[in-house]
Amino acid sequence: MQIEVLSLFPEMFAGFLSSSIVARAIEKEAIDVRLTDFRSFSKNKHRKVDDYAYGGFAGLVLQAQPIWDALNALLEQGPAPVIYFTPQGRQLNQAILEHYAALPRVILLCGHYKELDQRIRDMAISDEISLGDYVLSGGELASMVFIDGVARLQAGVLTDAQSATSDSFSDGKDSLGFPCYSRPEEWMGVKVPPVLTSGDHAQIEAWAQAQAKSLTRTRRTNEIPSKLKGPMRIGSKS
Ligand code: ADE
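Remember, it's a predicted structure, so these values are computed and weren't measured experimentally. (Residues numbered from 1 in each chain as written. Predicted model: local features only at pLDDT ≥ 70, side-chain atom pairs only at ≥ 80, totals over all residues. Heavy atoms only, no water.)

**Student:** Explain the site of the ligand here, please?
**Tutor:** The immediate surroundings of the ligand are formed by Phe85, Thr86, Pro87, Ile129, Ser130, Leu131, Gly132, Tyr134, Val135, Leu136, Gly138 and Ala142. Tyrosine 134 places a main-chain nitrogen or oxygen 2.7 Å from a nitrogen atom of the ligand. In the environment of the ligand, a nitrogen atom lies 3.0 Å from a nitrogen or oxygen atom belonging to the backbone of leucine 136. Relative to its unbound accessible area of 260 Å², the ligand is 96% covered by the protein chains. At the level of elements, β5 (82–91) and β8 (127–130) are the ones that each hand at least two residues to the shell around the ligand. Per element, the largest residue contribution to the shell around the ligand is three residues, and it comes from β5. Looking at the shell around the ligand residue by residue, the class counts come to eight nonpolar, four polar and no charged. (Near = heavy atom within 4 Å. Polar contact = N/O pair within 3.5 Å; in protein donor to acceptor, adjacent residues only side chain to side chain. Areas by Shrake-Rupley, 256 points an atom, 1.4 Å probe, with all protein chains shown as cover. Helix = DSSP H or I, 4+ residues; strand = E, 2+ residues; numbered from the N terminus. Nonpolar A, V, L, I, M, F, W, Y, C, P; charged D, E, K, R; others polar.)

This is the structure in structure tokens:
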């Protein structure tokens, strides 16, 4: 999968692309990420890419010309959907990641400042995606979230032990995961739930499903938890 990123801050991607699963996906050639600073396409003598909004609204607007030229330079090399990250987009979820992970090429456009000139959005953007109802300073973090999400879905990137098929939300699953425990069986006087060491696989599966259902109910209904934990201190137990 070829992933083209248009950003004014390509340096933000260095640590991200050289770490963990994403680095492995690149090394295995499951994904190829190319960064383009669209400021280099600006025809302004000061390489400006933004200007005031018509109508006197606060904030700067990214101008159409540099983005249009940068996109066309990439599209000359072949077609691809162009995804723009903005709080106004549809909210990212696993089904969206699965859709894009199956495509050979995508172009990710990271905005900054207030917004993009609407004409670019109308003429050159295939899809607009948001991480959620909050405002970040730019689309870079959102595009990293997207890249991580599609990289781990590429064949051969995760080992069997890390398998994406058991993820929450994969294959139309819409429930959250369940609590996990590892050795030792007793730690700080707290034991692992006995069902997990019972060897009874049917019971273990039923326990995991019930836990996931209850977690999904309490975490995805916007219900205010009856008890929120306060600050933790060294040696905290709960
Ligand atoms: N850019 C700024 N805020 C964003 C958000 N919430 N999601 C995606 N892109 C963004």
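Following the structure, the description resumes.
**Student:** Quick question: what am I supposed to make of the sheet that holds strand β6 (residues 105–110) here?
**Tutor:** Working definition: the strands of a sheet are paired by backbone hydrogen bonds and lie parallel or antiparallel to each other. Read across the open sheet, the five strands follow the order β2-β1-β6-β5-β8; overall the sheet is parallel. Whereas interior strands pair on both sides, the edge strands pair on one side only; in this sheet they are β2 (32–36) and β8. Here the strands of the sheet are splayed against their neighbours by 35° on average, with no regard to which way each runs. Set on the sheet, helix α3 (residues 64–75) makes contact with β1 (2–6), β2, β5 and β6; between it and β6 the angle comes to about 165°. Against the sheet, helix α6 (residues 140–151) touches β1, β2, β5, β6 and β8, its axis set at about 160° to β6. (Pairing = 2+ DSSP bridges. Axes fitted to C-alpha atoms, helices over the stretch in contact; angles between N-to-C directions. Contact = heavy atoms within 4.5 Å.)

**Student:** Looking at this structure, how should I read the pattern of salt bridges?
**Tutor:** Once their charged atoms are close, side chains differing in charge can pair, the charge on each being opposite to the other. Here the structure, examined in full by the defined rule, presents eight salt bridges. Between arginine 34 and glutamate 4 there is a salt bridge, and its shortest N-O distance comes to 2.6 Å. Of this pair, arginine 34 sits in strand β2 while glutamate 4 sits in strand β1, and the two are 30 residues apart along the sequence. You can call arginine 34 partly exposed: its relative accessible area is 32%. The partner of arginine 119 in a salt bridge is aspartate 117, with the nearest N and O atoms 2.7 Å apart. (Salt bridge = Lys/Arg side-chain N within 4 Å of Asp/Glu carboxyl O. Buried < 20%, exposed > 50% of the residue type's maximum accessible area, 1.4 Å probe, protein only.)

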